[in-house]
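Structure assessment
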Amino acid sequence: MTIKDVVNEFNTTPFLFVGSGISRRYLNLPDWRGLLEHFAREVNNDEFSLSSYESKARNMECEYGILPKVAELIQKDYDEKWFSDSGIRRADSHEIQNVKKGVSPFKVETAAYLKSIAQEQETYAEEIKILHDISERGIAGVITTNYDSFLEDHLNAFTKYVGQSQLIFAPIQGIAEIYKIHGSLERPESLVITEQDYREFDQKSAYLIAKLMTLFMEYPIIFLGYSISDRNVQSIIKGIVDCLDDDQLNILQNRFVFVEYKKGHVGAEITHYTIMVNDRPLNMRGIVLEDFQLLYRELANKKSKLPVRLLRRFKQELYDFTLTNETTANLRVAALEDEHELVLAIGKAKDLGLKGLSGISGNEWYRNVVLNDLPFSNDELIEYAMPSVINQFTRKIPIHKYLVGVKKEHPEALQIAKEMNFDSIISESGRKKHRYLEQRGYDSVKTIWQHENSNRDKAFRIMAYLTEEEFNLSELESLLLEIFEEDVNVLENAGVSEKTGIRRMIRIYDYLKWGNAKEPSN
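Residues numbered from 1 in each chain as written. Predicted model: local features only at pLDDT ≥ 70, side-chain atom pairs only at ≥ 80, totals over all residues. Heavy atoms only, no water.

**Considerations on the packing of helix α5 (residues 66-84) against helix α11 (residues 195-203)**
Running from N to C, α5 and α11 cross one another at 120 degrees; their axes reach a closest spacing of 7 Å. The angle between the axes of α5 and α11 places the two elements in the oblique class. Listed contacts from α11 to Pro68, Lys69 and Glu72 of α5 are Glu195, Gln196 and Tyr198. Classifying every residue of the contact of α5 with α11 gives 2 nonpolar, 1 polar and 3 charged. (Axes fitted to C-alpha atoms, helices over the stretch in contact; angles between N-to-C directions. Helix = DSSP H or I, 4+ residues; strand = E, 2+ residues; numbered from the N terminus. Parallel < 35°, antiparallel > 145°, perpendicular 65-115°, else oblique. Contact = heavy atoms within 4.5 Å. Nonpolar A, V, L, I, M, F, W, Y, C, P; charged D, E, K, R; others polar.)

**Remarks on the packing of helix α12 (residues 205-218) against helix α13 (residues 231-241)**
Across the interface, α12 lies against α13 with an axial gap of 10 Å and an inter-helix angle of 85 degrees. The pairing of α12 with α13 is recorded here as roughly perpendicular in orientation. Counting all contacts with α12, which are made through Leu208, Ile209, Leu212, Met213 and Phe216, the residues of α13 involved are Ile236, Gly239 and Ile240. Here the contact of α12 with α13 is built from residues that sort into 7 nonpolar, 1 polar and no charged.

**Notes on the sheet that holds strand β3 (residues 159-162)**
Reading across from one edge, β3-β4-β2-β1-β5-β6-β8-β7 is the order of the 8 strands in this open sheet, with mixed pairing throughout. The outermost strands of the open sheet, each flanked by one partner alone, are β3 and β7 (268-277). Ignoring strand direction, the axes of neighbouring strands in this sheet form an average angle of 20 degrees. As paired strands, β3 and strand β4 (residues 177-180) are joined by 4 bridges and run parallel to one another. Bridge pairing in β4 places tyrosine 161 opposite tyrosine 179. The strands that helix α15 (residues 293-300) touches are β5 (221-224), β6 (256-261), β7 and β8 (280-289); relative to β5, the one it contacts most, it runs at about 155 degrees. (Pairing = 2+ DSSP bridges.)

Spelled out as structure tokens, the structure:
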């Protein structure tokens, strides 16, 4: 049997279960013992410092093995020294802010240290490139106990979840996702490294197992960068096996493939492994190799028909619609009766001959000027969405942004752009009220907002009294971003006069940024 035979038996693209061997291979990071040795020497610069901690741990109860206990002992001493001896502080001022928030200095410095020494290995550049390429269609998702950012940096647009808390409460879609179950360097508090961390991890593991159960039963699982005896792997597997009957266990073991790195091994050898889980044997296939390209190239041939990140996006859109019954920029649902056909389509509107973009609301059109959150080209938006939008607002719409970079001729949009200048946006009555601002010392968006934001209707109304020269583009942009950050649907939720004021400010912003600065067709 060959790797090709193993991969051909997969019913779908696989999930990868990735361990520290991958971080050592591609980033030259230390193993767990090497990491602890570094920090043991920080506490006591002696060649036997780690051995001293190991000796102490052996005389104690080690519920989760010796290294978590050693990590806990080092953390205690390291934290005490860190606070009293600034000489061992390596984290920068930004990272040290985590300590001020109550995070252990040991974890903060662990994250800083690993980030500082991680170095992508040129030796494996081709291997890494192939891994990146197959992530487009050949990898369904990843579960990892690694802390570093290698996977999210190289897997194409996968969504990341850090720690059990995010994984438990997030609506995961089970595709194009990375589950960093032992934490991540950008969140030092999430790192699972000490005995207490493992204890807390285990206390919550029932929820994690429930989330992972579906993945393990639906996808082939390829273990990379682990020893077959690795406690992290065996703990997860045990939690799942405990929930299965014998028939389900047979299904599960047929999906497991364990990759064993063996230096100097020529080609690939297919083997079988058996591990005992509570006196129940679990069999799985093994692949012994040195060159991971042998595996990656075969996975490239087992690819989904669509990019996995697109499938995830589609699932997310459908999930959100099911929960809220609200359509989005990407999902339009016509009124359906039970006897009607249901058609789901993925693709560009122009390619599918769909006019779904015509369902984009005027509020979405306005919001996109600030947030740029509609995933369509300007040509598509003008061609499909603009006709209904101008009907809603009688041609008084922000348009300059949408004419930037267009590849087609859009004469009606160009005509609207010519009409949409500062004088047409600000009414004559507004210009006559500039004295109101002078009397109060208001000469900018910033000063008005500082003094009048408790009455937003009024604030937006009197901003229209400013002259064009008094509008600072940066201030206006910051204000609009702040408004949408507070409530992305503010144009649906605010009162009538406030919505009118926000829309007017967006038209001014559109004119100042794209209309006044350059020709619309640029």
